[in-house]
Amino acid sequence: MPDALAEIDGLEVAFAGHDGALTPAVRGVSLTVRRGERLGIVGESGSGKSMTGRALLGLLPPEAKWSAQALRFEGQDLLAMRPKERRRLCGTCISMILQDPKYSLNPVMTVAQQMRETFARQGAKQSRREIRERIVAALEAVHIRDPERVADAYPHELSGGMGQRVMIAMMVSAGPRLLIADEPTSALDVLVSMQVLSVLDEMIERHGTARASFSSATICRS
Ligand SMILES: Nc1ncnc2c1ncn2[C@@H]1O[C@H](COP(=O)(O)OP(=O)(O)OP(=O)(O)O)[C@@H](O)[C@H]1O
Ligand SMILES: [Mg+2]
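Below, the structure is looked at part by part. (Residues numbered from 1 in each chain as written. Chains lettered and ligands numbered in written order. Predicted model: local features only at pLDDT ≥ 70, side-chain atom pairs only at ≥ 80, totals over all residues. Heavy atoms only, no water.)

## Description of the overall build of the chain
For the chain, the count of helices and strands is eight helices and nine strands. For 222 residues, the compact-globule formula gives about 17 Å, and the C-alpha radius of gyration of the chain, at 18 Å, lands near that figure. Dimensions of the chain, computed from the C-alpha atoms along their principal axes, are close to 55 × 40 × 30 Å. Sequence-distant contacts in the chain: of pairs separated by 6 or more residues, those separated by 24 or more amount to 68%. For the chain, the exposed area adds up to about 11,800 Å²; of that, 52% sits on carbon and sulfur atoms. Measuring between centres, the 28 positive side-chain charges of the chain sit 5 Å from its 26 negative side-chain charges. (Helix = DSSP H or I, 4+ residues; strand = E, 2+ residues; numbered from the N terminus. Rg over C-alpha atoms; globule rule 2.2 N^0.38 Å. Contact = heavy atoms within 4.5 Å. Areas by Shrake-Rupley, 256 points an atom, 1.4 Å probe, with all protein chains shown as cover. Lys, Arg positive; Asp, Glu negative; His and termini not counted. Charge placed at Lys NZ, Arg CZ, Asp CG, Glu CD.)

As structure tokens, then:
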């Protein structure tokens, strides 16, 4: 296994304006995240942090014009991969936590229904009771006080901090080797942000995940 987990070499992203002229959004970004490493990307709003993370996941907007010398995950060439293979890899090995859980959680499914899908993707055959126990344990691990109630709640019934904890529980339970945290706390107040970041740190320590975090306002803690 190569030491470099994720590599981006010479990523360029641009968008066409009304007159058709291309405006650069990312100019020649290269970075490497090693196994177990935490990398912080800091830049002002609009400087291309989210586009960089999304390029790694293959989730750039369809209208983006982009190119890269190389995009690799565990030495595998992401640029040469078929879309289906890439989706499988991104669904299991790389997870992304977004700024606002409202955009990441499915509004018409309960927390447990969404987490069940995550566990089901991991392949091992498990009974409904075993999955329920894993869901409750994952919610407890991110310090949700009433995990049974939260498991049966819909996203709109959660506070912002709770929603972000649920996202962390869900993303970390998927067992990713790389977790991309795109300003995971900027929609939260300072106190709740600190609590959510410490839960994230705890989960990463426990699971030995590498992490790339983005921050527009502050230098990342990690
Ligand atoms: N769909 C799009 N169409 C046109 N331009 C876009 C599109 N998406 C992003 N951009 C532009 O790409 C640039 C980089 O955007 P990106 O979202 O990566 O910034 P960011 O560093 O994550 O900013 P923030 O800290 O505000 O989240 C911005 O100037 C933005 O306006
Ligand atoms: Mg962003």
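## Section: the layout of surface pockets
The space that makes up the largest pocket amounts to roughly 700 Å³. L59, C90, G91, R121 and M171 are the residues nearest the centre of the largest pocket, which is lined by 26 residues in total. Broken down by secondary-structure element, the contributors of at least two residues to the lining of the largest pocket are α2 (83-92), β7 (94-97), α3 (101-104), α4 (111-121) and α7 (160-173). At five residues, the largest contribution of residues to the lining of the largest pocket is made by α2. Residue classes in the lining of the largest pocket are distributed as 14 nonpolar, seven polar and five charged. (1 Å grid on protein atoms, 1.4 Å probe; cavity = no way out; pocket = protein on both sides within 12 Å on 5 of 7 lines; lining within 4 Å. Points joined across faces, edges and corners; volume = space filled by probe spheres on them. Nonpolar A, V, L, I, M, F, W, Y, C, P; charged D, E, K, R; others polar.)

## Brief notes about the nonpolar core
Counting residues in hydrophobic clusters, the biggest one holds 33 residues, and the most contacted among them are M115, I135, L139, V166, I168 and L200. Counting only elements with at least two residues in this core, the list comes to α4, α5 (128-141), α6 (147-151), α7, β8 (178-182) and α8 (190-207). By residue number, the principal contributor to this core is α7, which donates seven residues. Ignoring sequence-local partners within four residues, the contact set of L200 consists of I97, I168, L179, A181, P184 and R211. L60, M81, I94 and M96 belong to the second largest nonpolar core, which has 28 residues in total. (Core = buried A, V, L, I, M, F, W, Y, C linked by side-chain atoms within 4.5 Å. Buried < 20%, exposed > 50% of the residue type's maximum accessible area, 1.4 Å probe, protein only.)

## Observations regarding the site of ligand 1
S45, G46, K49, S50 and E63 are the nearest of the 13 residues found near ligand 1. Calculation on ligand 1 without its partners gives an accessible area of 640 Å², and the protein chains cover 64% of this total. For the shell around ligand 1, the element with the most residues is helix α1 (residues 49-57), which contributes three residues. For the shell around ligand 1, the residue count by class is three nonpolar, six polar and four charged. (Near = heavy atom within 4 Å.)

## Considering the environment of D19
Mapped onto the secondary structure, D19 falls in the loop between β1 (4-16) and β2 (22-34). On the basis of relative accessibility, which here comes to 66%, the residue D19 falls in the exposed class. Considering only alpha carbons, one finds D19 and E85, 66 residues apart in sequence, at a separation of 36 Å. One polar contact links the side chain of D19 to the main-chain amide nitrogen of A21, over a distance of 3.0 Å. (Polar contact = N/O pair within 3.5 Å; in protein donor to acceptor, adjacent residues only side chain to side chain.)

## Re the pattern of salt bridges
In the structure shown here, the tally under the stated rule is eight salt bridges. For R72, the salt bridge goes to E7, with nearest N and O atoms at 3.4 Å. Placement of the pair is R72 in strand β5 (residues 70-73) and E7 in strand β1, with a sequence separation of 65 residues. Judged by relative accessible area, R72 falls into the partly exposed class, the value being 29%. Note that R38 and D201 form a salt bridge whose closest N and O atoms lie 2.8 Å from each other. Of this pair, R38 sits in strand β3 (residues 38-42) while D201 sits in helix α8, placing them 163 residues apart in sequence. Accessibility expressed as a relative area gives 24% for R38, which makes it partly exposed. The structure contains a network of salt bridges with shared partners spanning R35, E74 and R177. (Salt bridge = Lys/Arg side-chain N within 4 Å of Asp/Glu carboxyl O.)

## Focus: the packing of α7 against α8
The N-to-C vectors of α7 and α8 enclose an angle of 10°; their axes lie 10 Å apart at closest approach. As judged from the angle between their axes, α7 and α8 are roughly parallel. Where α7 approaches α8, its residues G161, Q164, R165, I168 and V172 are matched on the opposing element by V192, Q195, V196, V199, L200, M203 and H207. When its residues are assigned to classes, the contact of α7 with α8 shows seven nonpolar, four polar and one charged. (Axes fitted to C-alpha atoms, helices over the stretch in contact; angles between N-to-C directions. Parallel < 35°, antiparallel > 145°, perpendicular 65-115°, else oblique.)

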